[in-house]
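Spelled out from the first residue to the last, the chains are:
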Amino acid sequence: MTGAPVRPVHDPARAALLELVGEILDLEHLEVDLFRGRSPRKATQRVFGGQVAGQALVAAGRTVARDRPVHSLHGYFVRPGRPATPIVYRVHRIRDGRSFTTRRVDALQHGETIFTMSASFHGDEPGLAHQEAMPAAPPPESLPTPREAFLLAGRDTPRNILPFDLRRVGEDGWRAGTDPERTTQVWLRAADGLGDDPLLHACLLTYASDLTLLSGVTYAHRLEAFGADDGRVAMASLDHAVWFHRPFRVDDWLLFDQESPTAAGGRGLARGHFFDRAGRHVASAVQEGLVRVRPQ
């Protein structure tokens, strides 16, 4: 994709972003409406859901006119993906209308669907406009960097470096607080500057929306799924939806205000809203995930 980081790579986060933009999201065009992507070189146990959703959006977007940006996507995670196996994306052109374009994308490994997504594209039109006010939050510069937050929490820096600068609001940083938290806030931005391709920014926001959203389910019960309770808590995304309301840049700070309204039956629901620093509500995300907790 166009828009790879514009500054030299000096740290692991920028290197991760360069790989994400320049290789992982830059799908290989195999045939008409058929694309192939890969996973990061540093293998994980399974393919990250935000990666698959972002790659699927790349595939869909490549079949749509550039003057018609994505306004929503809805995806289902059907099977866990294998990081060592390439993923083939098959695009179905559902409709090309006068105002809206609809695509369905199936992500395949070894002939089996691991993810399926519908996406809708629409050019901006004049119309009504309103939004809720941006919630109060301290500026991102006042919060610990990811490395500082992990040191404060007494944890080692994670092996897989994220391509984003993530800064969680709250005295406990990335640790679960002493009281249940059903609302969490994270400031995020890409680890380096990017180009101006709106599709790239939408794909990266889709990727980022899957990084912290489900954590709100466990924080509501004072559990750290990726920290102290890592061995007890198992989580997996079941479905994911994103709505894009207004233009934005993911290499500028975005506040991701998240909450978990309910959890039951081994599943938890989380939703979040993205705001830019000017207070504009630029995107929303909702996710349901499988959340299993082993007794102590």
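Residues numbered from 1 in each chain as written. Predicted model: local features only at pLDDT ≥ 70, side-chain atom pairs only at ≥ 80, totals over all residues. Heavy atoms only, no water.

1. Some words on the overall build of the protein chain
Helix and strand content of the protein chain: five helices and 12 strands. By the burial criterion, 51% of the 296 residues in the protein chain qualify as buried. Across the protein chain, contacts joining residues at least 24 apart in sequence account for 70% of those joining residues at least 6 apart. Only carbon and sulfur atoms are counted for the fraction: they give 52% of the accessible area of the protein chain, which is about 14700 Å². (Helix = DSSP H or I, 4+ residues; strand = E, 2+ residues; numbered from the N terminus. Buried < 20%, exposed > 50% of the residue type's maximum accessible area, 1.4 Å probe, protein only. Contact = heavy atoms within 4.5 Å. Areas by Shrake-Rupley, 256 points an atom, 1.4 Å probe, with all protein chains shown as cover.)

2. Considering the pattern of salt bridges
Tallying each qualifying case throughout the model produces 19 salt bridges. Arg38 is paired through a salt bridge with Glu23; the nearest N and O atoms lie 2.3 Å apart. With a gap of 15 residues between them, Arg38 in the loop between strand E2 (34-37) and helix H2 (49-61) and Glu23 in helix H1 (residues 12-24) connect regions that are remote in the sequence. According to the relative accessible area criterion, Arg38 is partly exposed, its value standing at 27%. For Glu23, a relative accessible area of 33% gives the class partly exposed. For Glu141, the salt bridge goes to Arg277, with nearest N and O atoms at 2.7 Å. You can see Glu141 sitting in the loop between strand E6 (112-122) and helix H3 (146-152) and its partner Arg277 sitting in the loop between strand E11 (267-276) and strand E12 (281-293), a full 136 residues away along the chain. (Salt bridge = Lys/Arg side-chain N within 4 Å of Asp/Glu carboxyl O.)

3. Overview of the sheet that holds strand E8 (residues 183-190)
Taken in spatial order, the 12 strands line up as E1-E2-E4-E5-E6-E3-E9-E12-E11-E10-E8-E7 in an open sheet, and their pairing is antiparallel. Taken across any chain shown, the strands that pair with only one partner, and hence form the sheet edges, are strand E1 (28-31) and strand E7 (164-168). Adjacent strand axes in the sheet meet at a mean angle of 25° when their direction is disregarded. Examined bridge by bridge, strand E9 (residues 233-244) and E12 share 11 bridges and lie antiparallel to one another. Bridge pairing in E12 links Ala234 to Arg292. The sheet contacts of helix H4 (residues 198-212) involve strand E3 (70-77), E7, E8, E9, strand E10 (254-264), E11 and E12, and relative to E9 the element is tilted by about 145°. (Pairing = 2+ DSSP bridges. Axes fitted to C-alpha atoms, helices over the stretch in contact; angles between N-to-C directions.)

4. A word on the environment of Ala65
Among the secondary structure elements, Ala65 is positioned in the loop between H2 and E3. Sequence-wise, Ala65 and Thr101 are 36 residues apart; in three dimensions their C-alpha atoms are separated by 9.1 Å.

5. Structural notes on the side chain of Ser209
Note on placement: Ser209 falls in helix H4. Looking at Ser209, its side chain comes within polar contact range of the side chain of His240, at 2.8 Å. When near neighbours in sequence (up to four residues on either side) are disregarded, Ser209 contacts His240, Val242, Phe256, Phe274 and Ala285. (Polar contact = N/O pair within 3.5 Å; in protein donor to acceptor, adjacent residues only side chain to side chain.)

6. Things to note about the packing of aromatic side chains
Applying the stated criterion across every chain, the model contains five aromatic pairs. Relative to Phe274, the ring of Phe256 has its centre 3.9 Å away and its plane inclined at 5°; by these criteria the two rings are stacked. On the criterion of sequence distance, the pair formed by Phe256 in strand E10 and Phe274 in strand E11 is long-range, its members being 18 residues apart. Each of the two residues, Phe256 as well as Phe274, counts as buried. Every member of this aromatic cluster is reached through a ring pair, and the members are Phe48, Phe164 and Tyr207. Sitting over the face of the ring of Tyr219, Arg168 holds its NZ or CZ atom 4.1 Å from the ring centroid. Sitting over the ring of Trp187, Arg277 keeps its end group 5.8 Å from the ring centre. (Phe/Tyr/Trp six-rings, centres within 6.5 Å; stacked < 30°, edge-to-face > 60°. Lys NZ or Arg CZ within 6 Å of the ring centre and 35° of its normal.)

7. Overview of the packing of H2 against H4
Interaxial distance between H2 and H4 falls to 7 Å at its minimum, and their mutual angle equals 160°. What the angle tells us is that H2 and H4 run roughly antiparallel. In this structure, H2 crosses over H4, and the sense of that crossing is right-handed. Contact residues: Gly49, Gly50, Gln51, Ala53, Gly54, Leu57, Val58 and Gly61 in H2; Leu199, Ala202, Cys203, Thr206, Tyr207 and Asp210 in H4. (Parallel < 35°, antiparallel > 145°, perpendicular 65-115°, else oblique. Left-handed = near helix turned anticlockwise from the far one by under 90°.)

8. As for the pairing of E3
Summarising the sheet, E3 and E6 pair through seven bridges and their orientation is antiparallel. The residue bridging Tyr76 from the neighbouring strand is Thr116, located in E6. Note: E3 against E9, five bridges, orientation antiparallel. For Tyr76, the partnering residue across the bridge sits in E9 and is Asp239.

9. Things to note about the environment of Ala119
Here Ala119 lies in strand E6. On the basis of relative accessible area, Ala119 is assigned to the buried category, the value being 2%. For the pair Ala119 and Leu57, spaced 62 residues apart in the sequence, the C-alpha separation amounts to 7.5 Å.

10. Here's the deal with the nonpolar core
In terms of nonpolar packing, the biggest core is built from 62 residues, with Leu57, Tyr89, Phe115, Met117, Phe164, Leu204 and Phe244 touching the most fellow members. In contact with Met117, not counting residues within four places along its chain, are Ala53, Ala56, Leu57, Ala60, Leu73, His74, Gly75, Arg103, Arg104 and Val105. By size, the runner-up hydrophobic cluster in this structure holds six residues, among which are Leu143, Val169, Leu255 and Phe275. (Core = buried A, V, L, I, M, F, W, Y, C linked by side-chain atoms within 4.5 Å.)

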